[in-house]
Amino acid sequence: MAVDFNDVATLAGRIGPRPAGSPPEQQAATYVAERLQHLDIPSATLPVAIPRAFSLAYLTLFAVAALSVAAAWFSPVLGLILCLIAIGLLVAEGTAHPTVSRLLASRPSQSVVGLIPALADEGEEVADPPRRVILTAHLDSGRAGLLTRPFLIRRFRALTLAMLGSVVLIAVLQIAQLAARSRVPWYVSLVPLVVLLAGVALLVEREARGGAVAGANDDASGVAAVLGVAATLQRDRPVHVETWTLFTSGEEAGMAGLRQFLAENRFDPNRTYFVNVDSVGAGGIRYTRGEGLAMLLRSSPILTRMANEIARNHPEWAVRSQAHQLLPTDQYVALSQGYQAIGVFAVDASGHVPNWHQPTDTVEHIDVRTVTIAADFVLALVRRLDSEAGEAMARLPIDALADPLAP
């Protein structure tokens, strides 16, 4: 399949860094909408309200947890209440109900959605095909900072777990302080407080000093791959699968675009499949067997089975499975809301995403062959969904609507 490298060059080169909710991100949305129009794919822009950055919600909650330590000196009950509130809201941020992120969502932006209806053998569009696949890639680019230097990226998950664990440990020590009526647990709580404050300092540095990156790999490459797949599917449409292309705003700001899309659009989870394409511009292509920085959510068993078979049938692509355990992507949102989803990304020899949130994430570091393999792999997934749905439909009564291969 042909992938238009001009998509990467335009998004990451001509438009450049695209912070969530910024005018350049909106320029990227306009460009993608025009590309879909050129491909004769019906499209629409979807207004999105997003927070300024992904880390603001976590900064707020970590600050509340740190404040609880000071409060516990004067009132252990008040300190414990504050810390439990922080824990509860932190858990909510990792689920389908990110309360603080939604409260902080004040910047206007837009996602872009395109629709490729299924086409029957007789040349008529199918109004209600047995399956729907939603291909996602994000328009915005991330920020650089000390937190995303190679040394810390290799320890990113450990640092995140240390910060979350520190919040829980502070609450445990506050309970011990109440039970023992002693200040000893309070003094011990200073240790996890130091760990927590160190992580907060890295987050603050990233927001205050870190600049937005060009985002050639993350995720202009994913946008280019999805556009390439869309162009092929528009020319040769599936019979049993309706294809949506969703280019989300604010993925780097708490996956705001997909969260809002799913809040406004409900689909049958047994018939709807998400394939998220993120950072496929360099290295070896991988598909996710699960995603989650703190808690791993398993990828769709159906999509994983298909991905395994496609990888075996195309050894020349050298595609393998790998858990994705950096910052969550749009795939995590779909999984957390009960949908079947899988992610496609690329890693270097050390197993990490190349140039992730670094100033080096530029056009010259993109390998169009890698993007093409990702697009071919995603196209093969869509074709497999279509062919298996057709085989299943042939075995069912004509009035059967449910997907027989759904879990």
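It should be noted that the structure appears before, not after, this text.
Computed from a predicted model, the values in this text were never measured in an experiment.

Trainee: Account for the overall build of the protein chain, with residues named and values stated.
Mentor: Scanning the protein chain for helices and strands turns up 14 helices and eleven strands. Over its C-alpha atoms the protein chain spans a radius of gyration of 22 Å, differing by no more than 12% from the 22 Å that the globule rule assigns to 407 residues. Seen through its C-alpha atoms, the protein chain measures out along the principal axes to roughly 80 × 50 × 40 Å. In the protein chain, the share of contacts with a sequence separation of at least 24, taken over all contacts with a separation of at least 6, comes to 86%. Counting only carbon and sulfur atoms, one obtains 61% of the accessible surface of the protein chain, whose full area is about 16500 Å². Treating the 32 positive side-chain charges of the protein chain as one cloud and the 37 negative ones as another, the clouds have centres 10 Å apart.

Trainee: Which residues make up the pattern of salt bridges, and what are the values?
Mentor: Per the stated rule, a full pass over the model turns up ten salt bridges. Of the charged contacts in the structure, one is a salt bridge between Arg 209 and Glu 205, with a shortest N-O distance of 2.8 Å. Judged by its relative accessible area of 64%, Arg 209 falls in the exposed class. Among the ionic pairs, Glu 309 bridges to Arg 305, the shortest N-O distance being 3.5 Å. Of the two residues, Glu 309 and Arg 305 are both situated in helix H12 (residues 301-313); the distance of four residues between them amounts to about one turn of the helix. Via salt bridges that share partners, Arg 305, Glu 309, Arg 384 and Glu 388 belong to a single interconnected network.

Trainee: Tell me what's going on with the nonpolar core, and back it up with residues and numbers.
Mentor: Within the largest apolar cluster, 62 residues are counted, with the highest numbers of intra-cluster contacts made by Phe 247, Val 275 and Phe 377. Of the residues forming this core, the biggest block, eleven residues, is contributed by helix H10 (residues 216-235). Setting aside residues up to four positions removed in sequence, Val 275 forms contacts with Val 133, Ile 134, Leu 135, Thr 136, Ile 342, Val 344, Val 378 and Leu 381. Grouped together as the second largest cluster of nonpolar side chains are 35 residues, Ala 66, Val 69, Phe 156 and Val 347 included.

Trainee: Any details on the pairing of strand E6 (residues 241-248)? Residues and values, ideally.
Mentor: Where burial is concerned, most of E6 is hidden: eight out of the eight residues are buried. Alternating positions in E6 separate into two faces, Val 241, Thr 243, Thr 245 and Phe 247 on one and Glu 242, Trp 244, Leu 246 and Thr 248 on the other, with burial throughout. Across five bridges, the pairing between strand E2 (residues 107-116) and E6 is antiparallel. Across the sheet, Leu 115 pairs through a bridge with Trp 244, a residue of E6.

Trainee: So what's going on with the packing of helix H1 (residues 5-15) against H10? Which residues, and what values?
Mentor: Taken N-terminus to C-terminus, the directions of H1 and H10 make an angle of 145 degrees; their axes are 8 Å apart at the nearest point. The element H1 and its partner H10 pack so that their crossing is right-handed. Residues Asp 7, Val 8, Leu 11 and Ala 12 of H1 touch H10, and the partners they reach there are Ala 216, Ala 220, Ser 221, Val 223, Ala 224 and Leu 227. Considered class by class, the residues forming the contact of H1 with H10 number eight nonpolar, one polar and one charged.

Trainee: An account of the side chain of Glu 251 is needed here, citing residue identities and associated values.
Mentor: In this fold, Glu 251 is placed in the loop between E6 and helix H11 (256-264). Lacking a salt bridge, the buried Glu 251 has Arg 206 as its closest oppositely charged neighbour, with an N-O distance of 8.8 Å. Among residues more than four places away in sequence, those in contact with Glu 251 are His 138, Asp 140, Asp 278, Pro 328, Thr 329 and Asp 330.

Trainee: A description of the packing of helix H3 (residues 55-74) against helix H4 (residues 76-93) should follow, citing residues and the corresponding values.
Mentor: Each packed pair of helices is defined by two parameters, the angle between the axes and the distance between the axes. Axis separation between H3 and H4 bottoms out at 7 Å; the angle between their running directions is 165 degrees. In terms of axis orientation, H3 runs roughly antiparallel to H4. Seen from above, H3 lies across H4 with left-handed handedness. Across from Ala 57, Tyr 58, Leu 61, Phe 62, Val 64, Ala 65, Ser 68, Ala 71, Ala 72 and Phe 74 in H3, the residues of H4 making contact are Pro 76, Leu 78, Gly 79, Leu 82, Cys 83, Ala 86, Leu 89, Leu 90 and Glu 93. Here the residues of the contact of H3 with H4 sort into 16 nonpolar, two polar and one charged.

Trainee: Please give an account of helix H7 (residues 156-180) that cites residues and values.
Mentor: Here H7 contains 25 residues, and its C-alpha end-to-end distance of 36 Å stays within 8% of the 36 Å for a straight helix at 1.5 Å per residue. Turning to H7, its buried residues are Phe 156, Thr 160, Met 163, Ser 166, Val 167, Ile 170, Ala 171, Leu 173, Gln 174 and Gln 177. Close packing links the buried residues of H7 with H3, H4, helix H6 (150-153), helix H8 (184-188) and helix H9 (190-208). Immediately downstream of H7, the backbone of Arg 181 shows phi near 50 degrees, a positive value.

Basis of the calculations
Residues numbered from 1 in each chain as written. Predicted model: local features only at pLDDT ≥ 70, side-chain atom pairs only at ≥ 80, totals over all residues. Heavy atoms only, no water. Helix = DSSP H or I, 4+ residues; strand = E, 2+ residues; numbered from the N terminus. Rg over C-alpha atoms; globule rule 2.2 N^0.38 Å. Contact = heavy atoms within 4.5 Å. Areas by Shrake-Rupley, 256 points an atom, 1.4 Å probe, with all protein chains shown as cover. Lys, Arg positive; Asp, Glu negative; His and termini not counted. Charge placed at Lys NZ, Arg CZ, Asp CG, Glu CD. Salt bridge = Lys/Arg side-chain N within 4 Å of Asp/Glu carboxyl O. Buried < 20%, exposed > 50% of the residue type's maximum accessible area, 1.4 Å probe, protein only. Core = buried A, V, L, I, M, F, W, Y, C linked by side-chain atoms within 4.5 Å. Pairing = 2+ DSSP bridges. Axes fitted to C-alpha atoms, helices over the stretch in contact; angles between N-to-C directions. Left-handed = near helix turned anticlockwise from the far one by under 90°. Nonpolar A, V, L, I, M, F, W, Y, C, P; charged D, E, K, R; others polar. Parallel < 35°, antiparallel > 145°, perpendicular 65-115°, else oblique. Expected span 1.5 Å × (residues − 1).

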